[in-house]
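# Commentary on secondary and tertiary structure
Chain by chain, the residues:
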Amino acid sequence: MELNSRIPSGPLAEKWDSHRFQSKLVNPANRRKFRIIVVGTGLAGASAAATLAELGYKVDAFCLHDSPRRAHSIAAQGGINAAKNYQNDGDSVFRLFYDTIKGGDFRAREANVYRLAQVSTEIIDQCVAQGVPFAREYGGTLANRSFGGAQVSRTFYARGQTGQQLLLGAYSALSRQINSGGVSMYNRREMMDVVIVDGRARGIVVRNMITGAIESHSADAVLLCTGGYGNAYFLSTNAMASNVTAAWRACKRGAAFANPSFVQIHPTCIPVHGDYQSKLTLMSESLRNDGRVWVPKNKEDKRPPAQIPEEDRDYYLESKYPSFGNLVPRDVASRNAKEQCDLGKGVGSTGLAVYLDFGDAIKRDGEDVILRKYGNLFQMYEKITDSNPMVEPMMIYPAVHYTMGGLWVDYNLMTTVPGLFALGECNFSDHGANRLGASALMQGLADGYFVISTSIGNYFGSETISPVSSTDPAFKEVENDVDTRLQKLLQNSSGGPAGKVTVDDVHKEVGRLLWDNCGMSRNRQGLEHALEELPKIRDKFWSSVYVPGAGEDINQSLEKAGRVADFLEFGEFMIRDALSREESCGCHLREESQTEENEALRDDDNYSHVSVWEFKGDDQAPEMHKEPLVFENVTPSQRSYK
Amino acid sequence: MSSIDLTLKIWRQKNNDSLGDFETYILRDISTDMSFLEMIDVLNEQLTREGKDPVAFDHDCREGICGMCGAVVDGVAHGPDRETTLCQLHMRKFKSGDTIVIEPFRSIAFPIKKDLMVDRSALDRIIQAGGYVSVNTGGTVDGNSIPIGTETAELAMDAAACIGCGACVASCPNSAAMLFTGAKISQLSLLPQGLPERKERARSMVAQMDKEGFGYCSNEKECEAVCPKGISIRNIARMNREFLRSLLLGE
Amino acid sequence: MWFVSFIKTSIGKKLVMAASGFLLLSFLAIHAFGNAAIYMGSKYFQIYADFLHGFPVLVLIFGVGLLVIFIAHVGVGLLLFFEKRKTASRYEVQTRVVENTFASRTMPYTGAWIFIFLIIHVFAFNIGKPEGVQISMLVQQYFSGFFYSLFYIISFIALAIHLNHGFWSMLQTFGLNHPRYNTLISALTIAVPVIFLVIFGGIPIYFMTGGAAGY
Ligand SMILES: Cc1cc2nc3c(=O)[nH]c(=O)nc-3n(C[C@H](O)[C@H](O)[C@H](O)COP(=O)(O)OP(=O)(O)OC[C@H]3O[C@@H](n4cnc5c(N)ncnc54)[C@H](O)[C@@H]3O)c2cc1C
Ligand code: HEM
Ligand code: FES
């Protein structure tokens, strides 16, 4: 497999400009002759579908939900970054670029990240023009906050609902195109496979989730905007339907997968409280601006928090990282929380939680100020846990949150399959080994509003794409594959449930395996163990999973089963990737690679590359390729938050 | 943490063409820390293990923001807790021995797909009729060149907070979508970006709303009361004003 | 026609209700003002009535206009009433989160009562008016009957109840809902009906209690 990242030559700051100039264009009158499939209507998908339709292409958009507006992007709370430097605090395109590269622990491409920082400012303008109600200052200008430990205030926000407002903006643009006929919207369709004709992506096969019908759709290019795969762990902050299916099916058809083990664990989530738990709820990172993280010094100390005096509390982040304190990056905060709990100092009924205490902040700023800042987060917390953070410290624990890994794409966002593009969280492109807060929304919209139109024009302009219809035998063949697989998922149903396992049973089991061995900190032994266990779980799934109902009907169990089956296959990629990366970097600690002070130790000599995995067949180990990372404009430094 | 025993009466309906009916289920040892949907998860696991068809229901984020979940619980859309979606409703609001009646969001405009799952695409079509600012990607002015006072920004955000769950429709004696439509029209009529199209927008969105079969408003205020985002009927007044404006001043 | 298509919409119908309600309300205001002359004695009241009938064409136009407005109000009101009946009880368990005010729940019924009242009232004082009897005398004649007076009083109470919700509802339909004025509006939803009740309801009481001895 050849990996050509197609990074334009020339100075960093001019690459995007010169690339746009060198890219081929499609005559406006010819655009309507091209059909583009967009799978997913999150920030990336909705913005791409709307933008391409505005340009005159015919777009078919697909999503799992009953409405495009429900994509998981809606849940983002904190905000979106942009290098506007409205606050005059020294921000610039280069600084956003630098922070993102450094935050990603020098495992991302310079050119991609620089472009992201460049278009970030246009994103804000675009969203404002659509009527996104960003927070404002008294004078009417846009408000900013500092987010996720950034030294400048460059995060734009709309209360705690930034993702929702941005998505509704993109959804409104999409709705306008649906109304004008530029986009045909297909709701409640689950993409089951990509169809490749003559080496190019030419369509998809979907399951109609209402009728169970298997449908083929053909096009001249296919865009996957299907989000992240955090749900491989069963418990995550992702929405229930988030999945790897679309990306994984593409991978099995030849699209290489990059850095599958790069998973971000968010430090401030509401802890698990029972095995019936279906998902974890994120509490915005901004809470760490005022909350102090602590555990009892003594692990036998089971007193309620209010009765633990100051001298018996261990504010471990403040003591270990005096200059950043509670604002250390996500990975550091998460890892330390886990460490404290592993030491037996965790709090709460499960011992898997640490305190986030607002007591001092309330004393310092008064109840009013704290309530104004965090009131709705506190309310949400109280709704779930029945405890009021104004009175009792919050309890938090890390949870799987975001996947930096994704389909490998070149500078044009094209995967290793010509005509198949990946946008948003489902590609790997911009965040390296760790994503900065408020940068995922930025990336999704950058890809959809500003990058993909150039790539698509260039692709259509430079290749001759012969017409294909969905009656082509290639589609029939894939339809058959899809059908066979669905039948296989239902194969155990006839004998009734006795002695069988449910989909959730298996999902929990694989989730646990990944969390324990392929989570925030990993070691060879655990990963090898996981690699042995995973096929056993997979076998159990296929031999004894019980999926009620039929295929020709609404069948939510069948939908879940299909997704879990894909996690079971894909999990192996994650584990192998983790195993092969014998360095600590970004979000994960490789236990064999630590400094003397037990901090993560990156190994630039051996691992300054993207690990790109190629699927080789169901019974074969995948093959790893390396895309070397070249740093010409920044010097990789060891992160230090001491 | 404590646990409770419950009797559930749930609406079961195979598809839009078939007739539905209530089924009764008994659940034991439900932790009061569970969310309502986790309680249905438990029921579904139980049904699956018994070889029965699990209850179909829509859900996704389980954080109260995607607007996908929703059912009428004991006659109230999203259940007894105020400003709460069904996924954020917790079982501590119920007592052991309670019988809970669970029905889908009903409206002529929301055909039932299966059990508690309904088709709310009518709401999408209302947005498609004009719930946007007609601006193409690119070529926009700098964000700060459109100053918007905090009060206006806050009011617009109040309206924009709508999650499109359809509880307003489900709870309205007339199955009106006034709160939903009013919220979107309000957001865009408060902000300067929305003004150029305001007359056309009010007219076409209201027309679409009627076409979908939603009812009129008789000021029952039930929508506002069940709205998980606390959206005020002031937005309906604003929509009425916008509509009147387009009636009097439109071409 | 654009106007017709507007009127057919859900909000358009409500606007018909509100606009006709407003016009009826305006009529009531004028009517109340005129009738207040009763409290000044039969002479003045008769002067007022004669003055009014000095413009027969105007009275006719007013009357017909009023009838049209009234029919529109009643017609659309009935339409909305039946529409609601179709959808209101679609759940097994019916629970109201906000208990509707009595006034709002009974709008069609108070409306119907007013309707019946108006038929009787118009018949008595206009269509069925005996020849040669002065209107000021007629009033006295009618209101000396206890049940007749009681019927009027009950009707005015019904009207007040109707207006208690109707006034707020009308403003909401016209889009007048603003936190700064909402206290004023809620005060008016009481004040306006009460004023009508006092002026109109006062008339039969005036006669019944003997307050009109010198009439
Ligand atoms: C709780 C939470 C808070 C966050 N907060 C922030 C924040 O403050 N700032 C920030 O920058 N980022 C934040 N993020 C991250 C960010 O929200 C996501 O990374 C980003 O929104 C992903 O957008 P997307 O368009 O790539 O995918 P998604 O929004 O996940 O959309 C995926 C789409 O694909 C569709 N789809 C998926 N699979 C299929 C299939 N097989 N067939 C058909 N359709 C399919 C879905 O229906 C959906 O429309 C947060 C994430 C979470 C979980
Ligand atoms: C003098 C007589 C009347 C006056 C002054 C009057 C006034 C009003 C007003 C101001 C409203 C509020 C309009 C709105 O909701 O925007 C209203 C509503 C209403 N009126 Fe009347 N009305 C009168 C007679 C009647 C009659 C005879 C009926 C007969 C059925 C009636 C039925 C209704 C109904 C059902 C509503 C409620 C509409 C709704 O809220 O959906 N009214 N009225
Ligand atoms: S599941 Fe998203 S709002 Fe309830």
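Bear in mind the structure is a predicted one, so any value in this text is a computation, not a measurement.

## Comments concerning the overall build of chain B
Looking only at helices and strands, one finds 8 helices and 7 strands in chain B. Taken over the C-alpha atoms alone, chain B extends approximately 60 × 40 × 35 Å along its principal axes. For chain B, the accessible surface area stands at approximately 8,100 Å², while carbon and sulfur atoms represent 49% of it.

## Brief notes about the site of ligand 2
Close to ligand 2 lie 25 residues; His73(C), Gly111(C), His162(C), Ser169(C) and Thr173(C) are nearest. More than one chain lines the surroundings of ligand 2; the residues nearby belong to chains B and C. Within the side chain of Lys14(C), a nitrogen or oxygen atom sits 3.2 Å from an oxygen atom of ligand 2. A per-class count over the shell around ligand 2 returns 16 nonpolar, 8 polar and 1 charged.

## Structural notes on the coordination of the iron atom of ligand 2
Residues and elements named next belong to chain C. Distances from the iron atom of ligand 2 to its protein donors, namely His73 (NE2) and His162 (NE2), fall within the range 2.0 Å. Each of the 6 donor atoms bound to the iron atom of ligand 2 contributes to angles spanning 86 to 179°, and the resulting shape is octahedral. With His73 in helix 4 (residues 56–87) and His162 in helix 8 (residues 146–173), this pair connects stretches of sequence that are 89 residues apart.

## Observations regarding the site of ligand 1
Neighbouring ligand 1 are 38 residues; Ser73(A), Gly78(A), Met191(A), Glu425(A) and Leu441(A) lie closest to it. In this structure, ligand 1 is bordered by residues of chains A and B. Residue Leu43(A) places a main-chain N or O atom 3.1 Å away from an oxygen atom belonging to ligand 1. At a separation of 3.0 Å, an oxygen atom of ligand 1 approaches a polar backbone atom of Ala44(A). In the complex, 98% of the free accessible area of ligand 1, which totals 1,000 Å², lies under the protein chains. Elements that contribute at least two residues to the shell around ligand 1 include exactly helix 3 (43–55), strand 6 (189–197), strand 15 (394–403) and helix 12 (440–462) of chain A. Per-element tally for the shell around ligand 1: the top contributor is strand 6 of chain A, with 3 residues. Class assignment for the residues of the shell around ligand 1 results in 16 nonpolar, 17 polar and 5 charged.

## Regarding the domain arrangement of chain A
All names here are of chain A. Once the domains are mapped, chain A shows domain 1 (266–400) and domain 2 (474–602). Across the boundary between the two partners, domain 1 contributes 11 residues, which contact 10 residues of domain 2. Taking both sides of the interface into account, the surface hidden between domain 1 and domain 2 amounts to around 820 Å²; carbon and sulfur atoms contribute 60%. Of all residues in domain 1, Asp331, Arg335 and Lys338 bury the most surface against domain 2, accounting for 54% of the area lost on that side. At the surface where domain 1 touches domain 2, the tally comes to 0 salt bridges. Of all the secondary structure elements, the ones that give two or more residues to the side of domain 1 that touches domain 2 are helix 9 (330–342) and strand 15. Of the residues in the side of domain 1 that touches domain 2, the class split is 5 nonpolar, 1 polar and 5 charged.

## Description of the interface of chain B and chain A
Interfaces are frequently sized by the accessible area removed from exposure as the parts join. With 76 residues of chain B in contact, the opposing surface of chain A contributes 73 residues. With both chains or domains summed, chain B and chain A bury close to 6,300 Å², and 49% of this area falls on carbon and sulfur atoms. Taken together, the links from chain B to chain A amount to 9 salt bridges. Glu63(B) is the partner of Lys279(A) in a salt bridge, and the nearest nitrogen-oxygen pair spans 2.9 Å. Linking chain B with chain A are 51 residue pairs in polar contact (both at pLDDT 80 or more). Secondary-structure elements contributing two or more residues to the side of chain B that touches chain A are helix 1 (36–49), strand 6 (112–114), strand 7 (117–118), helix 2 (121–128), helix 3 (150–160) and helix 5 (178–190) of chain B. Element by element, the count of residues in the side of chain B that touches chain A is highest for helix 3 of chain B, at 7 residues. In terms of residue class, the side of chain B that touches chain A is made up of 32 nonpolar, 22 polar and 22 charged.

## Examining the interface of chain C and chain B
Listed by partner, the interface residues are 34 residues for chain C and 47 residues for chain B. In this assembly, chain C packs against chain B so that about 3,500 Å² is buried in total across both faces, 58% of it on carbon and sulfur atoms. Where chain C meets chain B, there are 4 salt bridges. Between Glu222(B) and Arg96(C) there is a salt bridge whose closest N-O contact spans 3.1 Å. For the pair chain C and chain B, the interface holds 27 residue pairs in polar contact (both at pLDDT 80 or more). Secondary-structure elements contributing two or more residues to the side of chain C that touches chain B are helix 1 (2–8), helix 2 (10–35), helix 4 and helix 8 of chain C. In terms of residue class, the side of chain C that touches chain B is built from 15 nonpolar, 13 polar and 6 charged.

## A short note on the domain arrangement of chain B
All names here are of chain B. Under the domain assignment used here, chain B contains domain 1 (3–114) and domain 2 (121–249). Centre-to-centre separation of domain 1 and domain 2, based on C-alpha positions: 29 Å. Each partner contributes to the interface: domain 1 provides 19 residues, whereas domain 2 provides 20 residues. Around 1,300 Å² of area is buried between domain 1 and domain 2 when both sides are counted, 62% of it from carbon and sulfur atoms. Per-residue buried area on domain 1 facing domain 2 is highest for Glu83, Ala109 and Phe110; these three make up 33% of the total on that side. Taken together, the links from domain 1 to domain 2 amount to 0 salt bridges.

## Quick word on helix 2 of chain B
In terms of burial, helix 2 of chain B is largely enclosed, as 7 of its 8 residues are buried. Summarising the contacts, the buried residues of helix 2 of chain B are in contact with helix 6 (162–180) of chain A together with helix 5 and helix 6 (198–211) of chain B. Just downstream of helix 2 of chain B, Gly130(B) is the residue with a positive phi angle, here 160°.

## Side note on the sheet that holds strand 10 (residues 257–258) of chain A
Residues and elements named next belong to chain A. With respect to topology, 4 strands assemble into an open sheet ordered 16-10-20-21, the strand pairing being antiparallel. In this open sheet, the two edge strands, each paired with only one partner strand, are strand 16 (406–407) and strand 21 (623–628). As judged from the 2 bridges shared by strand 10 and strand 20 (residues 609–614), these two strands associate in the antiparallel manner. Counterpart to Ala258 in the pairing with strand 20 is Val612.

## Things to note about the sheet that holds strand 9 (residues 221–224) of chain A
Residue and element names in this part refer to chain A. Strand order in this open sheet of 5 strands is 5-2-1-9-17, and the pairing throughout is parallel. Whereas interior strands pair on both sides, the edge strands pair on one side only; in this sheet they are strand 5 (183–186) and strand 17 (420–422). Recorded for the sheet is a direction-independent mean angle of 20° between the axes of neighbouring strands. The pairing of strand 2 (residues 58–62) with strand 5 spans 4 bridges and is classified as parallel. Among the inter-strand pairings, Phe62 is bridged to a residue of strand 5, identified as Tyr186. Relative to the sheet, helix 3 contacts strand 1 (35–39), strand 2, strand 5 and strand 9, its axis offset from that of strand 2 by approximately 160°. Running at roughly 155° to strand 9, helix 12 makes contact with strand 1, strand 9 and strand 17 of the sheet.

## A look at the packing of aromatic side chains
Applying the stated criterion across every chain yields a total of 53 aromatic pairs over all chains. Here the aromatic rings of Tyr229(A) and Phe570(A) are separated by 4.7 Å at their centres, their planes lie at 70°, and the arrangement is edge-to-face. Taken together, the residues span a long stretch of sequence, with Tyr229(A) in the loop between strand 9 and helix 7 (245–252) and Phe570(A) in helix 16 (residues 556–580) at a distance of 341 residues. Judged on exposure class, the residue Tyr229(A) and its partner Phe570(A) are both buried. Ring plane angle 85° and centroid distance 5.0 Å describe the contact between Phe143(C) and Tyr152(C), whose orientation is recorded as edge-to-face. For Phe143(C), a relative accessible area of 4% corresponds to the buried category. For Lys221(B), the ring lying beneath its charged end belongs to Trp168(C), and the centroid distance is 4.5 Å.

Conventions and cut-offs
Residues numbered from 1 in each chain as written. Chains lettered and ligands numbered in written order. Predicted model: local features only at pLDDT ≥ 70, side-chain atom pairs only at ≥ 80, totals over all residues. Heavy atoms only, no water. Helix = DSSP H or I, 4+ residues; strand = E, 2+ residues; numbered from the N terminus. Areas by Shrake-Rupley, 256 points an atom, 1.4 Å probe, with all protein chains shown as cover. Near = heavy atom within 4 Å. Polar contact = N/O pair within 3.5 Å; in protein donor to acceptor, adjacent residues only side chain to side chain. Nonpolar A, V, L, I, M, F, W, Y, C, P; charged D, E, K, R; others polar. Donors = N, O, S within 2.8 Å, 3.2 Å for Na, K, Ca; no water. Tetrahedral: all angles 85-135°; square planar, octahedral: opposite > 155°, others 65-115°. Domains from an automatic or database assignment. Contact = heavy atoms within 4.5 Å. Buried area = accessible area lost by both parts, 1.4 Å probe. Salt bridge = Lys/Arg side-chain N within 4 Å of Asp/Glu carboxyl O. Buried < 20%, exposed > 50% of the residue type's maximum accessible area, 1.4 Å probe, protein only. Pairing = 2+ DSSP bridges. Axes fitted to C-alpha atoms, helices over the stretch in contact; angles between N-to-C directions. Phe/Tyr/Trp six-rings, centres within 6.5 Å; stacked < 30°, edge-to-face > 60°. Lys NZ or Arg CZ within 6 Å of the ring centre and 35° of its normal.

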